[in-house]
Amino acid sequence: METIYLNRDNLMDWQEKAKPSVVALGFFDGIHLGHREVIKTAAQIAKRNKLPLSVMSFFPHPKTVISNGKKQVSYLIPLSKKEERFRDLGVDTFYLVEFDKQFSSLLPVEFVSQYLLNLGVVHVVAGFDFSYGYMGTGHIDRLKSDSYGRIGVTKVEKMEYKGEKISSTCIRERLQSGNIEELPFLLGRPYN
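Chemist: In this structure, what is going on with the packing of aromatic side chains? I would like to understand it.
Modeler: Where two aromatic rings form a pair, the distance of their centres and the angle of their planes describe that pair. Tallying each qualifying case throughout the model produces 13 aromatic pairs. Centroid distance F59 to Y75: 5.5 Å. Interplanar angle 35 degrees. Geometry classified as tilted. In this pair, F59 sits in strand β3 (residues 53–59) while Y75 sits in the loop between α3 (62–66) and α4 (79–88), placing the two residues 16 residues apart along the sequence. Using a relative accessible area of 44% as the deciding quantity, one classes F59 as partly exposed. Taking the relative accessible area as the measure of exposure, Y75 reaches 33% and is therefore partly exposed. Between F99 and F103, the aromatic rings sit 5.3 Å apart at their centres with planes inclined by 65 degrees, giving edge-to-face as the arrangement. What makes F99 buried here is its relative accessible area of 10%. Put simply, the rings of F58, F99, F103, F111, Y115, F130 and Y132 pair up and form one aromatic cluster.

Encoded structure:
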């Protein structure tokens, strides 16, 4: 697996090298069962279309940047473990996008154009609540129109445990409260 750290300075170089691919979009902190479903779905589409599988994530956490550092997020896994898990899931390319103020101000169509279309993405898979672009105004249901119909889109529906959405936030809350016995049901593996 190749890890590519994307930022404003090198984006054009990577756009020039880009080849068609299927991409799973998300922050993927913890790579819980919902994240794994997104990546597994993208892998199936990539295999069916004989295309490489990419994952695009962002760093630091958008909440930290948008709040001007007032809101800090405790990451569930370090980047090295995230890379290891992506590799185990069959990911060919891991794009890690620098999330800064300038990136957060991109309009949804600008994000789709610069970071998806110009990187060769032909199909996107994301969770039902994935958002992008300025103030998160872009969402998975409008991605196809933001790409002018050039990108196929698959939305993965919400995964729940005991009626609650499986999310990195609910995992963090359980960790903070010491309620670790439910973590394997959210992560699909023991937490370590």
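Chemist: Honestly, the environment of M1 in this entry has me stumped. Any pointers?
Modeler: Positionally, M1 belongs in the segment before β1 (2–6). Given a relative accessible area of 31%, M1 falls into the partly exposed group. Placed 89 residues apart in sequence, M1 and G90 show a C-alpha to C-alpha distance of 8.2 Å. Ignoring any residue separated from it by four or fewer positions in sequence, one finds M1 in contact with E83, F86, R87, V91, D92, T93 and F94.

Chemist: What is the right way to read the nonpolar core from this model?
Modeler: Within soluble globular proteins, side chains that are nonpolar tend to cluster in buried spots. Judged by nonpolar contacts, the single largest core of 28 residues is most densely connected at L25, M56, F111 and L116. Contributions of two or more residues to this core are made by β1, β2 (21–25), β3, β4 (93–98), α6 (108–116) and β5 (121–127). Considering each element in turn, this core owes the most residues, four residues, to α6. Those residues in contact with L116, other than ones at most four positions away along the chain, are V23, L25, M56, F111, V121, V124, L143 and I151. Ranked by size, the runner-up nonpolar core spans 18 residues in total, among them A42, A46, V91 and V125.

Chemist: When you look at the sheet that holds strand β8 (residues 152–156) in this model, what are you seeing that I'm missing?
Modeler: Note on sheets: strands pair through backbone hydrogen bonds, and any given pair is parallel or antiparallel. Pairing within the open sheet is parallel, and its six strands lie in the order β1-β4-β3-β2-β5-β8. Looking at the sheet topology across the chains shown, the edges are occupied by β1 and β8. On average, each strand axis in the sheet is inclined to that of its neighbour by 20 degrees, with strand direction left out of account. For β5 and β8, the ladder comprises five bridges, and the chain directions are parallel. Looking at β8, one finds that V124 is bridged to V153. Most of the contacts of α4 go to β4, to which it runs at about 145 degrees, and overall it touches β1, β3 and β4. Packed on one face of the sheet, α6 meets β1, β2, β3, β4 and β5 and runs near 125 degrees to β3.

Chemist: Is there a simple way to think about the environment of V91 in this case?
Modeler: By the element assignment, V91 lies in the loop between α4 and β4. Sequence spacing of V91 and S54 is 37 residues, and the spatial spacing of their C-alpha atoms is 5.8 Å. When near neighbours in sequence (up to four residues on either side) are disregarded, V91 contacts M1, I39, L53, S54, V55 and F86.

Cut-offs applied
Residues numbered from 1 in each chain as written. Predicted model: local features only at pLDDT ≥ 70, side-chain atom pairs only at ≥ 80, totals over all residues. Heavy atoms only, no water. Phe/Tyr/Trp six-rings, centres within 6.5 Å; stacked < 30°, edge-to-face > 60°. Helix = DSSP H or I, 4+ residues; strand = E, 2+ residues; numbered from the N terminus. Buried < 20%, exposed > 50% of the residue type's maximum accessible area, 1.4 Å probe, protein only. Contact = heavy atoms within 4.5 Å. Core = buried A, V, L, I, M, F, W, Y, C linked by side-chain atoms within 4.5 Å. Pairing = 2+ DSSP bridges. Axes fitted to C-alpha atoms, helices over the stretch in contact; angles between N-to-C directions.

Everything listed here is a matter of coordinates, which is why it stays silent on function.
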